[in-house]
Amino acid sequence: MNEQVLVVGGGPVGMALALALKRGGMDPLLVDAREEGAAGRDPRVLALAPGTRQTLERLGVWSGLPPTEIGTIHISQKGGFGRTVLRASDYALPALGYVIEAGALARALDAACRAAGVRSRHGVLVQEASADAGCVRVTLDSGAGRETLETSLVAWAEGRLTEGPEVRVRDYHQHGVITVARTREARGNIAYERFTEDGPLALLPSGEGYAVVFTAAPEKAAELMAMDDATFLARLQEQFGERLHFVSVEPRFSYPLLLRYR
């Protein structure tokens, strides 16, 4: 089977690329190792740059999204003097970035891909790929058997690479504990980055609260995950300082921070 372009990975990046190619007159095939709809259940949040907004606008996806604008970025270091403050108005921008749930973005892109007629296959794992002067040969495994197809171009857009001899892994020996917290103060359009002895702590304005990314070594991340809400909020308050006062927290998730590449 011959394909013009094979896009590997059905997350926001892969779907955006496939949609752009389809709108440009090509007929890409999108394959994803996960089951259909998995990307739409991603609980993480994304901070999108203004350029990404422009791309999503051109794809006709942006108007249906519920982003939260970042108007100011406040950067500080625990136990250190001073701060750095970046404001969108200083750069004549409407916002420095936009915060959105990864699942919401994936669902919007999936709907746009379906409307545009982008072909996709789910539950399909790419096992091998080899290139010569004429094409790329790719071996796919759907669980029911293997098949080989030829394509002019493979675009790797996987968010999580599977293990294999061609995959290289760099472990940063840190985990990101994510959640959403609410504060006593009204949520502004300020994003905070706080450098601590355990790693950076980020707060992104999201919905009615703040999306929290608490970076820590694996054993400390495990402790954060095991805490009850009151203890976790106290630890978060201690690390963040007194600029905001936290009153509630939603369920937590932990992700290892790894770099994987082919």
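Presented here is an overview of the structure given in this document. (Residues numbered from 1 in each chain as written. Predicted model: local features only at pLDDT ≥ 70, side-chain atom pairs only at ≥ 80, totals over all residues. Heavy atoms only, no water.)

The next subject is the overall build of the chain. Summing up its helical and strand segments, the chain has five helices and 17 strands in all. Seen along its three principal axes, the alpha-carbon backbone of the chain occupies a region of about 60 × 40 × 30 Å. Residue pairs in contact within the chain that sit at least 24 positions apart in sequence constitute 66% of those at least 6 positions apart. Separation of charge centres in the chain, based on 29 positive and 32 negative side chains, amounts to 3 Å. (Helix = DSSP H or I, 4+ residues; strand = E, 2+ residues; numbered from the N terminus. Contact = heavy atoms within 4.5 Å. Lys, Arg positive; Asp, Glu negative; His and termini not counted. Charge placed at Lys NZ, Arg CZ, Asp CG, Glu CD.)

In spatial order, the strands read β8-β2-β1-β11-β10-β9; together these six strands make up an open sheet with mixed pairing. At either end of the open sheet lies a strand with only one pairing partner, and these are β8 (119-122) and β9 (125-131). Within this sheet the neighbouring strands show an average axis-to-axis angle of 40°, counted without direction. Of the pairings in the sheet, the one linking strand β1 (residues 2-8) to strand β11 (residues 146-156) comprises six bridges and is parallel in character. By the bridge assignment, V8 is partnered in β11 with W156. (Pairing = 2+ DSSP bridges. Axes fitted to C-alpha atoms, helices over the stretch in contact; angles between N-to-C directions.)

What follows concerns the pairing of strand β15 (residues 209-216). Counting buried residues along β15, seven of its eight residues qualify, which places the element largely inside the surrounding structure. The pairing of strand β14 (residues 200-206) with β15 spans six bridges and is classified as antiparallel. Considered in β15, the bridge of P205 is made with Y210. Hairpin geometry of β14 and β15 is characterised by an intervening segment of two residues between the two adjacent antiparallel strands and by a positive phi of about 60° at G207. (Buried < 20%, exposed > 50% of the residue type's maximum accessible area, 1.4 Å probe, protein only.)

Another point: a nonpolar patch on the surface. Residues Y172, L257, L259 and Y261 make up a contiguous nonpolar surface patch of roughly 350 Å² in combined accessible area. Per element, the largest residue contribution to the nonpolar patch is three residues, and it comes from strand β17 (residues 253-261). Mapped onto the elements, L259 comes out in strand β17. (Patch = residues over 30% accessible without salt bridge, like charges linked within 9 Å, V, L, I, M, F, W, Y side chains within 5 Å. Areas by Shrake-Rupley, 256 points an atom, 1.4 Å probe, with all protein chains shown as cover. Salt bridge = Lys/Arg side-chain N within 4 Å of Asp/Glu carboxyl O.)

Once that is clear, we can look at the packing of helix α1 (residues 12-23) against helix α3 (residues 102-116). Interhelical geometry of α1 versus α3 gives an angle of 25° and a closest axis separation of 9 Å. One way to sum up the angle between α1 and α3 is to call them roughly parallel. Remark: the crossing between α1 and α3 carries left-handed chirality. Residue-level inspection shows P12, M15, A16, L19, K22 and R23 of α1 in contact with α3, the latter providing A102, L105, A106, L109, D110, A112, C113 and A116. By residue class, the composition of the contact of α1 with α3 is 11 nonpolar, no polar and three charged. (Parallel < 35°, antiparallel > 145°, perpendicular 65-115°, else oblique. Left-handed = near helix turned anticlockwise from the far one by under 90°. Nonpolar A, V, L, I, M, F, W, Y, C, P; charged D, E, K, R; others polar.)

Relative to the helices and strands, T151 is located in strand β11. Separated by 3.3 Å, the side chain of T151 and the backbone oxygen of Q4 make a polar contact. Ignoring any residue separated from it by four or fewer positions in sequence, one finds T151 in contact with E3, Q4, V5, L6, C135, V136 and V138. (Polar contact = N/O pair within 3.5 Å; in protein donor to acceptor, adjacent residues only side chain to side chain.)

Now for the pattern of salt bridges. The full count for this structure, using the stated rule, is 16 salt bridges. The salt bridge partner of R137 is D132, with a shortest N-O separation of 2.6 Å. In the salt-bridge network here, residues are joined through shared partners; they are K22, D27 and R119.

For the rest of this paragraph, the subject is the nonpolar core. Generally speaking, soluble globular proteins have nonpolar side chains that are buried together. By size, the foremost hydrophobic cluster in this structure holds 27 residues, and its most contacted members are V7, L19, L56, V61, L65 and L109. Those elements that provide at least two residues to this core are β1, α1, β7 (97-101) and α3. With seven residues, the single largest contributor to this core is α3. For V7, the residues in contact, after removing those within four places along its chain, are G14, L17, A18, L21, P28, L29, L30, V31 and A155. (Core = buried A, V, L, I, M, F, W, Y, C linked by side-chain atoms within 4.5 Å.)

Further remarks concern the side chain of T68. Position of T68 relative to the elements: it lies in strand β4 (residues 68-70). For T68, a relative accessible area of 8% puts it in the buried group. Among the polar contacts listed, one links the side chain of T68 to the backbone nitrogen of G207, at a separation of 3.2 Å.

Comment: phi is negative for the bulk of residues other than glycine, and the bulk of peptide bonds are trans. The phi dihedral of A92 falls on the positive side, at around 55°, and the residue is not glycine. Relative to the helices and strands, A92 is located in the loop between β6 (84-87) and β7. Backbone geometry at H173 places phi at a positive 55°, although glycine is not the residue there. Checked against the element boundaries, H173 lands in strand β12 (residues 168-183). Residue class for H173 comes out exposed when judged on its relative accessible area of 54%.

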